[in-house]
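Spelled out from the first residue to the last, the chains are:
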Amino acid sequence: MPPAPRNRFISSNFAGPAMLAAIFCVATLDSPALAKESQFVVNIDKPTPEWREGPVRYIISKEEDRGYRELKTEQERASFIDIFWRRRDPTPKTEHNEFKQKFRDRALDANQLYGETAMPGWKTDMGKVYILVGPPDEMVRDRVPRSGRGTVMWIYRAPPFPDLPPNTVIAFAKDTSGEFVLSSKPTWDSDVAHGLVLMGPKATDPEYNYPIIPGKDPLLLAQGVPYSQGEFETGFIYARVQMLPPKDEAILHDVVTARSSFDTFPFKSRYSYFKTGSGTTLVTVTLAIRTTSVQYKNVLGKEEPEVVLFGKFVDQDLPDNQVAISSDGFFAPAPQNAKAGIDDFLLFQAMVPLKPGRYLAAFAAEDKVAGRVGTYRETIVVPDLAGSEKLSLSSITLAQSLVSHPAAEGEKPSPFRFGSLEVVQAAESEFKTSSALNFYYQVYNAKKDEAGAASLDADYECFAIQEGKEVTLGNIHVGPTAYQVQAYSLPLERFPKGSYKLRITVTDKLAGVKVTQDVEFSVVP
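Just so it is clear, the model here is predicted, and its values are computed rather than measured.

The rules we used
- Residues numbered from 1 in each chain as written.
- Predicted model: local features only at pLDDT ≥ 70, side-chain atom pairs only at ≥ 80, totals over all residues.
- Heavy atoms only, no water.
- Helix = DSSP H or I, 4+ residues; strand = E, 2+ residues; numbered from the N terminus.
- Buried < 20%, exposed > 50% of the residue type's maximum accessible area, 1.4 Å probe, protein only.
- Contact = heavy atoms within 4.5 Å.
- Areas by Shrake-Rupley, 256 points an atom, 1.4 Å probe, with all protein chains shown as cover.
- Pairing = 2+ DSSP bridges.
- Axes fitted to C-alpha atoms, helices over the stretch in contact; angles between N-to-C directions.
- Parallel < 35°, antiparallel > 145°, perpendicular 65-115°, else oblique.
- Left-handed = near helix turned anticlockwise from the far one by under 90°.
- Nonpolar A, V, L, I, M, F, W, Y, C, P; charged D, E, K, R; others polar.
- Salt bridge = Lys/Arg side-chain N within 4 Å of Asp/Glu carboxyl O.
- Expected span 1.5 Å × (residues − 1).
- Polar contact = N/O pair within 3.5 Å; in protein donor to acceptor, adjacent residues only side chain to side chain.

Colleague: Please clarify how the overall build of the chain should be interpreted in this entry.
Modeller: Each helix and strand counted, the chain has nine helices and 25 strands in total. Looking at the chain as a whole, 48% of its 525 residues qualify as buried. Looking at the chain alone, contacts between residues at least 24 apart form 63% of all its contacts between residues at least 6 apart. Surface exposure of the chain reaches about 26,100 Å², of which carbon and sulfur atoms provide 53%.

Colleague: Can you walk me through the sheet that holds strand 11 (residues 332-333) in this structure?
Modeller: Hydrogen bonds between backbone atoms are what pair the strands of a sheet, whose relative direction is either parallel or antiparallel. Here we have four strands laid out as an open sheet, ordered 5-6-12-11, and antiparallel in their pairing. What marks the edges here is a single partner per strand, and that holds for strand 5 (268-275) and strand 11.

Colleague: Can you help me understand the packing of helix 2 (residues 62-69) against helix 3 (residues 74-87) in this one?
Modeller: Think of two packed helices as two axes; the pair is described by the angle between the axes and how far apart they sit. Look at helix 2 against helix 3: their axes get within 10 Å of each other, and the N-to-C directions meet at 165°. The angle between the axes of helix 2 and helix 3 places the two elements in the roughly antiparallel class. As helix 2 packs across helix 3, the resulting crossing turns out to be right-handed. Contacts between helix 2 and helix 3 involve E64, G67 and Y68 from the first element and R77, F80, I81, F84 and R87 from the second. When its residues are assigned to classes, the contact of helix 2 with helix 3 shows four nonpolar, one polar and three charged.

Colleague: Help me understand the sheet that holds strand 2 (residues 151-156) in this model?
Modeller: If you walk across this open sheet you meet the four strands as 1-2-3-4, and the pairing is antiparallel. With partners counted over all chains shown, the strands left at the sheet margins are strand 1 (138-141) and strand 4 (180-182), one partner each. Averaged over all neighbouring strand pairs, the angle between strand axes comes to 25°, with direction disregarded. Sheet strands touched by helix 5 (residues 125-133): strand 2, strand 3 (168-174) and strand 4. Its angle to strand 2, the strand with the most contacts, is close to 10°. Along the sheet, helix 8 (residues 231-240) makes contact with strand 3 and strand 4, crossing strand 3 at roughly 90°.

Colleague: I'm lost on unusual backbone geometry in this one. Help?
Modeller: Of note, the amide linkage connecting G479 to P480 takes the cis form, showing an omega dihedral of 0°. Among the structural elements, P480 can be located in strand 22 (residues 469-481). Although it is not a glycine, N167 sits at a positive phi angle of roughly 60°. Relative to the assigned elements, N167 resides in the loop between strand 2 and strand 3. One non-glycine residue, F416, lies in positive phi territory at about 70°. As for its position among the elements, F416 is in the loop between strand 16 (397-404) and strand 17 (417-418). Among the residues examined, F416 registers a relative accessible area of 3% and is labelled buried.

Colleague: Got a minute to help me understand the pattern of salt bridges in this structure?
Modeller: Opposite charge on two side chains allows them to pair when their charged atoms are near. Here the structure, examined in full by the defined rule, presents 19 salt bridges. The salt bridge partner of R104 is D45, with a shortest N-O separation of 3.2 Å. Placement of the pair is R104 in helix 4 (residues 98-113) and D45 in the loop between helix 1 (15-28) and helix 2, with a sequence separation of 59 residues. Of the charged contacts in the structure, one is a salt bridge between R52 and E53, with a shortest N-O distance of 3.7 Å. Classification of E53 by relative accessible area gives partly exposed; the value is 33%. Salt bridges here are not isolated pairs; linked through shared partners, they connect R52, E53, D65 and R69.

Colleague: Whenever I open this one, helix 4 confuses me. Can you help?
Modeller: For the α-helix, the turn length of 3.6 residues means that residues three or four positions removed from each other point alike. Taking 1.5 Å per residue, 16 residues should reach 22 Å; helix 4 reaches 22 Å between its end C-alpha atoms and fits that length. Most of helix 4 is tucked away, with 12 of its 16 residues classed as buried. Among the residues of helix 4, F99, K100, F103, R104, D105, R106, A107, L108, D109, A110, N111 and L113 are the ones counted as buried. The N-cap residue of helix 4 is N97: its side-chain oxygen and the backbone nitrogen of F99 are 3.2 Å apart.

Colleague: What exactly am I supposed to notice about the pairing of strand 22 here?
Modeller: Residues in a regular strand point their side chains to alternate faces of the sheet. By the bridge criterion, 10 bridges tie strand 21 (residues 456-466) to strand 22 in an arrangement that is antiparallel. Paired with C462 across the bridge in strand 22 is G474. In this antiparallel pair of consecutive strands, strand 21 and strand 22, the connection spans two residues, and E467 shows a positive phi of 55°.

In structure tokens, the structure reads:
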């Protein structure tokens, strides 16, 4: 087999059937009879107890392995795996995790290329070296292997280890099971040794005419291994190629230490959905963390938290379609965070365009002061707001505050900023009587007159929910108006403690159609 170039992965030749096989095997795990995952499944992110026993065994630290074994639930394991790969992402500001993709591709390739025996390819010596170091620059097989056995030499012209020489040779000899294993004496470990002439001052291999030098292997010497390289030095080289290269080790920018805790601390998530001009839906995700859940540090005489947020959306129909979000350039702290009191919420928001569909939303918040990680996972359905020309509304965003904030010309929406408004989404749909119910929404596909203006009526009807029934409290009418962005503030000082529903009805007077949407909230003293 010709060697694969080192700057190219050959997974495109094998990923299709390998992925199908992996999907099939994973699907069958739901059966109680198959509680333990098959060793042939290349599992790098399915949150099973056996995940740590898969290919990630080659890169997981002792502390991470210990922490994973202590986890009890699928959600805890899934959150751990999200963080595990995020720590290894060389470009956390982008959506793509190059390290994870490279590792997955190599593990799939190893299963296809080296699964010649009952041992899955990724578990073999060849598979391990391939996964950690990558394909060799050159591959040399013995010309006429006898009895179905033989040797293979991998040559790395410029190995990714500064302490290894150029043209490093890694030798594998086929054992009696048919598996190629690492060998520092391939001539003696393979069937080639059966034909050696060991008598006389100039012993040679009669087939290859290799000279036999005590303590030296003819096959290694023939590939350019220096005469000074003894079995000890060969063993050192083999130990190095079973480790991550220094460049890959260096990207573990959030090193796991014994101080790190994977016990989750609680936080909440809320979403709003808005139409875009590109056919996607703009998703605003707000993460809320109670001030009492994190620790603070003194910065210039002021106590401040140090919270790092990151996460991703995984398409449930196309799992390879993932959109990563991180604190770098995505999540923004709410302006009110600096004034948050005891048991208030710290709010962070990101805005992500997504195609309509069903997604797994996975988030993690790292309290760097305490060395703790909070995680949250849930399934969301992103609506299609561009697929219809009918009158429709965006999400009804319940806001902690609505503040006029004139926008600069051409300014695009950003976290907490919508045109001329600063909209800070509430952490939960629970409001105190001393506050107000602030809400914000957008109207789409309203008919326009010759001057390009819409004519809309907005009716806001409030209901108390008592014993499962709606009790009408009153109605507020606004209109006619041409504004397709609506924001309103309803004082709650006269609302007793309880559960409520706000019904918003928008009527397009030019088209003679209307649309209605409900949002529930509660009032506490």
